[in-house]
Structures are given as structure tokens and as C-alpha cells.
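Listed below are the residues making up each chain.
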Amino acid sequence: MKKLVLLVLVLGVVLGTAGTVFADVPAPGGPFNTAFRVMNLETTQTSCTIDFYNSSGVSKLTYGPATINPGDSLYVYVPNLTTLGDGEYSAVVSCDKLVAAVVNFSDPNSGASHSGIAGGDVAQTFYAPGIYNNYYNYYSNLYVQNASTSSVDITVSIYGPGSSTPVATQTATGVPANASRSFDQKGLSGLSSGVAYSAKIS
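Here the residue numbering is sequential within each chain, running from 1 through the sequence in written order. Side-chain atom pairs in this predicted model are given and counted only at pLDDT of 80 or more, local residue features only at pLDDT of at least 70, and totals for whole chains, interfaces and linings cover all residues. Side-chain numbers come from the whole structure's heavy atoms, not from hydrogens or water.

Draft legend 1. Representation of the environment of Lys 200 within the structure. A helix here means a DSSP run of H or I that spans at least four residues, while a strand means a run of E at least two residues long, and both kinds are numbered starting from the N terminus. Position of Lys 200 among the secondary structure elements: in strand 16 (residues 197-201). Per-residue accessibility, obtained with a 1.4 Å probe over protein chains only, is compared with the maximum for each type, and a residue is labelled buried under 20%, exposed over 50%, and partly exposed between these values. A relative accessible area of 30% means that Lys 200 is categorised as partly exposed. Taking C-alpha positions, Lys 200 is 5.7 Å from Val 156, a pair spaced 44 residues apart along the chain. Ignoring anything within four residues of it in the chain, the contact list for Lys 200 reads Thr 125, Phe 126, Tyr 127, Thr 155, Val 156, Ser 157 and Tyr 159. The criterion used for residue contact is that any of the two residues' heavy atoms lie within 4.5 Å.

Okay, structure coming up:
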């Protein structure tokens with residue numbers, strides 16, 4: 001019996017593990033270029049398809065199917081997908097075996113890496129322990145992707161050390177299925193320089 005494995009990733013032209021995967025991307029700046037790897041964790045070949053969605057949740061490109069040998073990985077450099085065009089996308093990776101995914105992105109001054117979130121770990125509430133607005137020259141930026149089949153509202157509540165009352169709130173309403181939204185904390189009112197905050201994403 002085959003099992004379908006879905007991954008969701010947020011990509012920065014933008015780009016999730018076994019099940020459906022969501023990802024956050026931490027860094028303001030740009031323009032960004034994105035590359036990602038999907039690794040086969042099983043002992044037989046897997047076949048994967050990657051669907052890219054724009055900010056309206058509309059599928060803009062299907063990549064694959066691509067075959068990945070056991071223990072090997074698929075590498076995709078997003079700017080090489082010329083039919084996708086410049087922009088910011090989310091992606092869903094669907095495979096017939098267990099896989100893991102990692103996204104790397106960079107601009108001329110910064111870069112970051114993150115892994116996707118397994119479909120079984122998708123939730124309505126997440127916590128981010130490091131939210132920054134010039135914390136020793138570090139800034140944060142969250143990407144939140146809608147894993148449901150209908151539109152959702154997203155709220156990011158940011159808390160100061162030791163406080164249970166948010167110092168800032170960011171919202172996005174009506175985010176379509178498969179689409180993502182960016183929440184940039186650089187220069188956000190209520191956040192001071194040199195303070196490490198945390199956030200609740202719901």
C-alpha cells in the first residue's frame with residue numbers, strides 16, 4: 001500500500017516533511033533566492049511532485065514527478081524554474097514515501113535555513129522563541145502558511161520577557177489555502193532595540 005506524503009514549504013523567489021509541512025522564514029532584506037532539498041528517508045525509491053502557490057493560493061507551477069533514490073535528495077534551485085517568474089511563493093511537496101525537506105535562502109547580506117513541519121505537526125497555534133527588532137543587529141521575519149483547505153485569519157502576538165500581555169500584534173485576514181503571509185518585525189512599533197521577544201502565532 002502506498003502512502004502519500006505531503007510537504008509544505010515557504011519560498012523566497014519562497015518555500016514543508018512526512019504529511020503536510022509548513023515553514024517560517026526569518027530574515028528581512030532581499031531580493032532573496034531560494035533553493036531546497038527533499039531527502040528520501042526510506043529504503044526504496046520515492047516519487048515527488050512539488051506544487052508552487054502564489055499569495056492568492058493559486059497553483060502557478062507543478063514540478064515533477066521527480067524520482068529520489070534511497071538516502072539521496074532532490075535539489076531544486078528555484079530561480080532556475082523560469083516559468084515560475086519572480087515573486088514570492090509557497091510550495092507543497094507530495095511524495096509516496098517518507099521524506100524530509102530543508103529550505104535555504106539568501107540575499108547579498110544574509111541567509112537562513114529551515115526545515116518543514118510534518119503534516120502531523122500542523123496546528124492552529126505555534127510559538128516563536130526569538131523575535132527581534134535590532135537585537136545585536138538581528139531582525140526577525142515570520143512566514144506563516146495556511147495548511148487548511150479554506151481561508152484563515154492569522155494573528156502574531158509578540159511578548160516581552162516575563163510578560164503575558166502582548167506588546168505588539170500583527171494580523172492577516174482571509175489568507176487562502178496553501179498561501180502564506182509574511183510578518184516582519186523590523187521597525188515594528190512596540191518592539192525596542194536590544195530586547196529578545198517571543199511570539200504566539202494563531
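That shown, we press on.
Draft legend 2. Quick peek at the nonpolar core. Side-chain atoms within 4.5 Å are what join buried Ala, Val, Leu, Ile, Met, Phe, Trp, Tyr and Cys residues into a set we call a nonpolar core. The biggest cluster of nonpolar side chains holds 20 residues, and the ones touching the most others in it are Phe 36, Val 38, Cys 48, Ile 50, Phe 52, Leu 74 and Leu 84. Those residues within four positions of Leu 74 in sequence are excluded, and the remaining contacts are Phe 36, Arg 37, Val 38, Ile 50, Tyr 63, Ala 66 and Ile 68. Listed in part, the 17 residues of the second largest apolar core include Val 144, Val 175, Tyr 197 and Ala 199.

Draft legend 3. Focus on the pairing of strand 13 (residues 152-159). Paired strands, in this sense, are two strands between which DSSP finds at least two bridges. Examined bridge by bridge, strand 13 and strand 14 (residues 166-175) share seven bridges and lie antiparallel to one another. Bridge pairing links Tyr 159 to Pro 166 in strand 14. A loop of six residues connects strand 13 with strand 14, the two strands running antiparallel in sequence, and Gly 162 in this loop sits at a positive phi of about 75°. When strand 13 meets strand 16, the two strands line up antiparallel, connected through four bridges. Bridging from a neighbouring strand, Val 156 pairs with Ile 201 of strand 16.

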